[in-house]
Amino acid sequence: MEGSDIYRRILEQAKTAIVVVDEGMNILYINRYANELTGYTREEILSQEIRWESLLIADDLERIRHYHRRRQLGDPDIPDQYEVRLVDRNGMHRNLLLQIGRLPEENHSVVTIFDVSHWKRYEERLIGNEERLKAMVELSREITLIVNDSMTIEYAGGAVLPLLGFAPVDLQGLYLRDCVHPEDLDRVSALYLSGINELSTFDILDFRLRNSNNDWVQVEANCNNQLNNPRITGVIMTIRDISARKLAEERAQFYQHYDYLTRLPNRRMFFERLSLELRHVKRRATTFAVLCIGLDRFKEINDLFGPKVGDRLLFEIGRTLSTTFRKDDVVARLEGDKFGVLLTDMDRTDHIIDIVKKSLKLFGSSFTIMNEAVRISASIGVAVYPDDGSSEEQLVKNSETALFMAKEKGRATYQLYNHRLHSSLQAQRTMERRLEEALGRGEFKLLYQPKVDRDGVMVGTEALARWHSPVLGHVTPDRFIPVAEQSGLIVELGREILELACTEWRDISAWNGQELSLAVNLSPFQFRHPSLIAMIQEVLAATGFDPRRLELEITETGLMHDLEDAVRKLGQLSRLGVSIAIDDFGTGYSSLKKLKDFPVTTVKIDKSFLENLNYSRKSSTIINAIIGLAHDLGFQVVAEGVETMEQLDFLQQAGCDIYQGYLFDKPLEPELFTGTEANLNYRSLIPSH
């Protein structure tokens with residue numbers, strides 16, 4: 001085999017494309033691998049059926065021609081290796097590396113072609129990943145630093161500008177310790193040096209970095225030790241801003257001991273200071289007092305002006321109290337509209353009382369809140385160490401008990417704690433609990449007291465509630481009604497009593513065939529309740545009782561609390577067919593002149609006037625005046641508490657319309673109206689004139 005044949009076979013078997021071109025860039029030879037690279041046959045290329053120039057990207061073709069012309073002119077600076085792009089028969093783009101060799105005798109060029117497409121794609125992926133990584137760092141909300149073993153910053157990226165106000169390049173070359181707060185420097189340096197000597201990753205928590213305004217930013221750092229990595233040779237520090245978290249932690253810590261609205265110490269802090277005072281007072285020959293200050297009718301102010309005004313009022317009161325007492329005293333907001341004051345180093349009880357009286361005067365003038373003049377009073381309960389308690393819990397609890405009793409006395413006053421008051425309050429709370437348990441269990445019974453006209457004929461009755469408790473025994477209305485009113489149970493209790501009265505009197509009327517009226521008392525608290533009208537409608541519908549036979553008795557003070565609301569509700573009751581009687585008339589603040597515009601049918605003279613009839617000329621004058629003016633205005637007059645013939649005789653002569661009292665009958669069990677004695681007739685008691 002000749003040498004040329006061997007060389008040709010070697011060229012044909014090579015896994016690299018080899019092309020020989022003349023000085024005009026015409027292809028003289030192409031090996032088999034070049035055919036595989038382009039997808040075209042040797043014959044198609046050599047016959048110029050397929051021009052190889054058409055396979056190259058235009059920019060690359062122009063560059064090849066430019067290099068070829070300069071090479072022909074003998075330019076020694078022309079590169080012998082460069083990249084071009086080719087489109088093969090299938091339309092696939094390939095990246096090629098060309099190496100140019102010269103055959104000067106023949107003036108030919110040998111082009112060796114390598115397909116580097118896969119390496120190009122790999123390179124592009126690396127570049128893309130690097131760019132993405134760089135973008136992630138730069139767009140991160142964290143700062144990325146690379147710091148060497150001497151704590152010099154060699155690279156800075158990420159959120160350097162938004163968090164610190166520096167450009168990243170401004171940090172490069174600085175010592176990290178020059179950026180750290182002096183108070184944190186020793187700890188940060190110790191943790192850093194310890195970390196790079198012992199750990200691959202470590203954290204540096206809660207330190208401060210200087211920003212461009214020379215302020216301090218609270219940060220923490222996660223550190224990845226790459227000092228032994230030849231591509232990095234540093235510690236990668238990822239630093240995040242924790243200012244918001246620290247602020248939230250500080251705020252949470254603050255609100256553990258302080259009230260969010262008034263910024264005063266809260267109940268927990270008050271107890272801690274009280275505990276401290278208990279320890280200190282044992283070493284001094286002094287005492288101290290706990291004041292519990294409660295705002296009077298704060299709910300009404302909230303309802304009238306809205307919660308924003310209410311909150312602002314609490315803030316202003318807290319500020320006023322905190323500037324009134326001494327520096328060593330403690331003013332706190334215990335809860336709601338209740339404030340606590342610890343008066344320290346007190347010598348005498350009378351000194352404490354002087355301070356309490358002055359404190360009450362703070363509420364004498366109005367507070368201007370959001371352009372509203374708000375007037376409010378306060379009541380104060382006082383507990384003094386050691387007489388009223390020897391622990392924090394006892395002193396605060398007893399001051400709150402004293403506050404409750406101060407409000408019971410009429411508000412805008414103070415009350416010193418004593419054991420008798422405590423016992424009374426405990427008894428009241430026991431009754432309240434038993435009263436709540438009694439509702440709906442059939443423990444309330446009704447007695448009915450007849451109402452008699454001028455001829456001695458029974459025209460109606462008044463239902464009177466009685467409570468028979470299995471625990472407390474027989475409880476009179478003057479004991480349980482006030483408790484029901486104060487606790488809010490009066491609404492539910494009132495409904496139960498009204499429903500029972502309508503049911504029983506409906507059955508009694510059906511038995512004896514008499515259409516007698518039924519009077520039921522309404523508490524002022526019931527009357528003011530927004531669901532009153534709906535409740536009465538529901539009871540009438542459930543019992544089938546005729547509303548024209550129902551008379552609701554309301555005290556004049558209950559009506560006068562809110563005239564606009566009273567007129568509206570009385571009008572609604574009147575349209576239902578229910579009649580209204582003013583109970584205990586003459587003991588409140590109203591007058592017949594005020595009542596003339598109300599849909600009222602009856603006025604009941606309070607029995608206290610009859611009790612004083614034999615001893616007071618004023619009582620007889622008042623009774624005569626009430627009856628005369630009531631008749632002029634079209635009201636019917638009922639006298640309650642009629643017990644003697646002298647009283648009845650006076651009322652007859654004065655023109656009273658209806659009588660009610662023990663002279664005629666005591667309150668009766670419902671069975672007595674349906675028995676053999678049911679035909680109750682009182683004509684024999686009526687005096688003849």
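Residues numbered from 1 in each chain as written. Predicted model: local features only at pLDDT ≥ 70, side-chain atom pairs only at ≥ 80, totals over all residues. Heavy atoms only, no water.

1. Comments concerning the overall build of the protein chain
Filter applied, for reference: Here a strand is any run of E in DSSP of at least two residues, a helix any run of H or I of at least four, and the numbering for each starts at the N terminus. For a compact globule the rule gives 2.2 Å times the number of residues to the power 0.38, and the radius of gyration it is set against comes from C-alpha atoms. Partly exposed residues are those whose accessible area sits between 20% and 50% of the maximum for their type, while under 20% is buried and over 50% is exposed, using a 1.4 Å probe and protein chains only. In what follows, residue pairs with any heavy atoms lying within 4.5 Å of each other are defined as contacts. The Shrake-Rupley method, run with a 1.4 Å probe sphere, supplies the accessible areas, and residue values consider only the shown protein chains as cover. We count Lys and Arg on the positive side and Asp and Glu on the negative side, and we leave His and both chain ends out. Lysine's charge is taken at NZ, arginine's at CZ, aspartate's at CG and glutamate's at CD.
Within the protein chain, the secondary structure is distributed over 25 helices and 26 strands. Relative to its length of 689 residues, the protein chain is extended, with a C-alpha radius of gyration of 51 Å against a globular reference of 26 Å. Counting over 689 residues, the protein chain shows a buried share of 46%. Taking as baseline every contact in the protein chain between residues at least 6 positions apart, the subset at least 24 positions apart corresponds to 56%. When the accessible area of the protein chain is evaluated, it comes to approximately 36,700 Å², of which 50% is carbon and sulfur surface. Within the protein chain, the 103 negative side-chain charges are centred at a point lying 3 Å from the centre of the 83 positive side-chain charges.

2. A short note on the packing of helix α10 (residues 267-281) against helix α14 (residues 392-408)
Stated formally: Every axis corresponds to a line fitted to the C-alpha atoms, with the helix fit spanning only the stretch in contact, and the corresponding angles, defined between N-to-C directions, vary from 0 to 180 degrees. Just so you know how the angles are binned, under 35 degrees is roughly parallel, over 145 roughly antiparallel, 65 to 115 roughly perpendicular, and the rest oblique. Each crossing is labelled by how the near helix is turned from the far one, with a counterclockwise turn of less than a right angle marking it left-handed and a clockwise turn marking it right-handed. Ten residues, namely Ala, Val, Leu, Ile, Met, Phe, Trp, Tyr, Cys and Pro, are considered nonpolar, four, namely Asp, Glu, Lys and Arg, are considered charged, and the remaining ones, Gly among them, are considered polar.
Two elements in contact, α10 and α14, have axes whose closest approach is 9 Å; the angle formed by their N-to-C orientations is 120°. The angle between α10 and α14 falls in the class oblique. Handedness of the α10/α14 crossing: right-handed. Contact residues: Arg 267, Phe 270, Phe 271, Leu 274, Ser 275 and Leu 278 in α10; Glu 392, Glu 393, Leu 395, Val 396 and Glu 400 in α14. Looking at the contact of α10 with α14 residue by residue, the class counts come to six nonpolar, one polar and four charged.

3. Some details on the pattern of salt bridges
Our working definition: In the sections that follow, a salt bridge refers to a side-chain nitrogen of Lys or Arg positioned within 4 Å of a carboxyl oxygen of Asp or Glu.
For the structure on display, the rule yields 35 salt bridges. Across the salt bridge formed by Arg 94 and Asp 88, the nearest N and O atoms sit 3.2 Å from each other. Of the two residues examined, Arg 94 and Asp 88, each falls in the buried class. Two residues, Arg 208 and Asp 184, come together in a salt bridge whose shortest N-O distance is 2.9 Å. With Arg 208 in strand β8 (residues 201-210) and Asp 184 in helix α8 (residues 182-198), this residue pair connects regions lying 24 residues apart in the sequence. In this structure Asp 184 comes out as buried when scored by relative accessible area, which is 7%.

Geometric values such as these leave the question of function open.
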